[in-house]
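# Structural features, examined
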Amino acid sequence: MTTLTIPKWFDAHTHVRQGGLIEPIVKSQIDMGCYAILAMPNTKPPVGKVRDADDGDMWSIEHYRDLIMNAGGDQLSHLVTPLYLTKDTSAKMIVDGAKSGLLTNIKYYPPHGTTNADFGIPMEEFLKSDLPKAMSDNGVILNIHGEEHGLKATSYFDRETNAEEIFYTERMPKLVEAFPDLKIVCEHITTKVATDFVLNTNDNVSATITPQHLLYTVGDLILGLKYHLFCLPVVKFDADRQALRNAVTTPSQTKFFAGTDSAAHTEKCTPCGCAAGCFTGGIAPQLYAQAFEEAGLDLSRVDHELMFKNFLCHNAPDFYGIERSSETFTLSKTPQTISKIPTAEGEITPLPLGMGMDTIPWSIAE
Ligand code: DOR
Ligand code: ZN
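In this report, the structure presented in the accompanying data block is examined.

### Side note on the sheet that holds strand β6 (residues 78-80)
- Strand order in the open sheet formed by 3 strands is β2-β3-β6, and the pairing between neighbours is parallel. Either end of the sheet is taken by a strand with one partner, and the two such strands are β2 (9-14) and β6. Taken pair by pair, the neighbouring strands of this sheet meet at an average axis angle of 15 degrees, ignoring direction.
- As judged from the 3 bridges shared by strand β3 (residues 34-39) and β6, these two strands associate in the parallel manner. Its bridge partner lying in β6, I37 is registered against L79.
- Its contacts with the sheet place helix α13 (residues 302-320) against β2, β3 and β6, and it is angled at close to 70 degrees to β2.

What follows is the structure in structure tokens.
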């Protein structure tokens, strides 16, 4: 039986939500070996200001950090809490926020592009504004949800193109050319086009990749309409999944790292459509290990284990300038049975269960 004792890891993209969901979700992150998390700001209201005392009705980074800390986040070594980029975000907020130490990251959402993305601004407005320069000058990292917004169905998802490919072809080159020193994380990339963009761009540009985008394709979503696999950006084609797998299994690669985008929805299928988001709390390292094996790696080999560790444990803290964890946890190739997670706000269904599987090949040793 293969066992991997590896450093605790930084989930560089997750959603811990609000209210009665924060505590069980933070616990699921800690249970799966996280010593650090980046908690996305698409709460209701969004985390759109830095300090409580700042103008406006949105939540502040200060407030959201307190909520998370009080719900078990104080057991983490690092908590990264980006600001949600809205029409109210100003260069002064960025300069002052960065100086205070509270503002380290800003999340770009395409307007109406995903769950609680209604406050996002169009990319062309961001590009024309004084915000990217303020971020670049003050060392604030940009986390990008890279999908073109407002497209009609045929360009949103078509055989030849899709919203992510349009974004990485038409928007991102301009941003990176204008602001080469801006540190950017291309969040949850799903296509070969986005992967190639990250590979061919300077070292200030990196990317997170989720377990579901390494494991599944759009065929898995459509076969039986497995709505628990519906997330945004949506899972793509085999050539895209292969590009992602090649990227993460390249020896010594430093640009690609784990960010689960674990996104709980207690009501996934609603009368007006399906909420976007896959929940992988508690089981993401196991799913990543499964994906690396499906990509052809033998994790009992030292060189293959190192590729896995680079992706899961090393590259994200290195990119963020956070020290790697000196603590470890152990994954073993022993099947694990999974079940729904009860919370005060309803049940959460982990992704494999939603795919009709109650057992996964890897588990975390006690
Ligand atoms: O599938 C997704 N779910 N994609 C996102 O960008 C947001 C997330 C959520 O918050 O549910
Ligand atoms: Zn997300």
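### Section: the site of ligand 1
- Every one of the 14 residues lining ligand 1 counts as a neighbour, but R17, N42, L232, H265 and A276 are closest to it.
- The contact in question runs from an oxygen atom of ligand 1 to an N or O atom on the side chain of R17, over 2.8 Å.
- Between ligand 1 and H265 there is a distance of 2.9 Å, counted from an oxygen atom to a side-chain nitrogen or oxygen.
- Within the complex, the protein chains bury 100% of what would otherwise be the 290 Å² of accessible surface of ligand 1.
- When each cavity is represented as a set of grid points, ligand 1 is found to reside in the largest cavity.

### What to know about unusual backbone geometry
- Residue P45 is reached from K44 by a cis peptide bond, and omega for that bond is -5 degrees.
- Examined against the element boundaries, P45 turns out to sit in the loop between β3 and β4 (47-49).
- In this structure, the amide linkage connecting L232 to the following residue, P233, adopts the cis form with an omega of -5 degrees.
- Within the secondary structure, P233 sits in the loop between α10 (218-222) and α11 (238-248).
- Its identity is not glycine, yet L225 carries a phi of approximately 45 degrees, on the positive side.
- Mapped onto the elements, L225 comes out in the loop between α10 and α11.
- We classify L225 as exposed; its relative accessible area is 60%.

### Some thoughts on the coordination of the zinc ion (ligand 2)
- Around the zinc ion (ligand 2), the donor atoms from the protein are H13 (NE2), H15 (NE2) and D261 (OD), and they sit 2.0 to 2.1 Å away.
- Donor residues for the zinc ion (ligand 2) sit on one chain with the sequence pattern H-x1-H-x245-D. With H15 in the loop between β2 and α1 (22-31) and D261 in the loop between β12 (256-258) and β13 (269-270), this pair connects stretches of sequence that are 246 residues apart. Comparing H15 with D261 shows no difference in burial state: the two are buried.

### Let's talk about the pattern of salt bridges
- All told, the structure shown has 15 salt bridges when counted by the stated rule.
- Measuring nitrogen to oxygen at the nearest pair gives 3.5 Å for the salt bridge that ties E124 to R171. Taken as a pair, E124 in helix α4 (residues 123-128) and R171 in helix α7 (residues 163-178) lie far apart in primary sequence, 47 residues in all.
- The buried category is assigned to R171, whose relative accessible area is 15%.
- Here the residues in one salt-bridge network are E124, E148 and R171, joined through shared partners.

### Some thoughts on a negative patch on the surface
- On the surface, D52, D54, D55 and D66 cluster together into a negatively charged patch.
- Its relative accessible area of 75% is what places D55 among the exposed residues.

### Quick look at the side chain of Q286
- For Q286, the position within the fold is in helix α12 (residues 284-294).
- Of note is the side chain of Q286, whose polar atom sits 3.0 Å from the backbone oxygen of G282.
- If near-sequence neighbours (up to four positions away) are discounted, Q286 is found in contact with L331, Q336, I360, W362, S363 and I364.

### Topic: empty space enclosed by the protein
- Inspection of the entire model under this criterion finds 4 cavities of 30 Å³ or more.
- Computed from the structure, the largest cavity encloses a volume of approximately 100 Å³.
- Around the largest cavity, the lining comprises 17 residues; the ones closest to its centre are H15, T114, L232, D261 and A263.
- Taken as a whole, the second largest cavity encloses approximately 50 Å³ of empty space.
- In terms of lining residues, the second largest cavity is bounded by H228, A263, H265, K268, G277, C278, F279 and T349.
- Of the residues belonging to the lining of the second largest cavity, the class tally is 3 nonpolar, 4 polar and 1 charged.

Analysis parameters
- Residues numbered from 1 in each chain as written.
- Chains lettered and ligands numbered in written order.
- Predicted model: local features only at pLDDT ≥ 70, side-chain atom pairs only at ≥ 80, totals over all residues.
- Heavy atoms only, no water.
- Pairing = 2+ DSSP bridges.
- Helix = DSSP H or I, 4+ residues; strand = E, 2+ residues; numbered from the N terminus.
- Axes fitted to C-alpha atoms, helices over the stretch in contact; angles between N-to-C directions.
- Contact = heavy atoms within 4.5 Å.
- Near = heavy atom within 4 Å.
- Polar contact = N/O pair within 3.5 Å; in protein donor to acceptor, adjacent residues only side chain to side chain.
- Areas by Shrake-Rupley, 256 points an atom, 1.4 Å probe, with all protein chains shown as cover.
- 1 Å grid on protein atoms, 1.4 Å probe; cavity = no way out; pocket = protein on both sides within 12 Å on 5 of 7 lines; lining within 4 Å.
- Sits in = over half its atoms within 2 Å of the grid points.
- Buried < 20%, exposed > 50% of the residue type's maximum accessible area, 1.4 Å probe, protein only.
- Donors = N, O, S within 2.8 Å, 3.2 Å for Na, K, Ca; no water.
- Salt bridge = Lys/Arg side-chain N within 4 Å of Asp/Glu carboxyl O.
- Patch = residues over 30% accessible without salt bridge, like charges linked within 9 Å, V, L, I, M, F, W, Y side chains within 5 Å.
- Lys, Arg positive; Asp, Glu negative; His and termini not counted.
- Charge placed at Lys NZ, Arg CZ, Asp CG, Glu CD.
- Points joined across faces, edges and corners; volume = space filled by probe spheres on them.
- Nonpolar A, V, L, I, M, F, W, Y, C, P; charged D, E, K, R; others polar.

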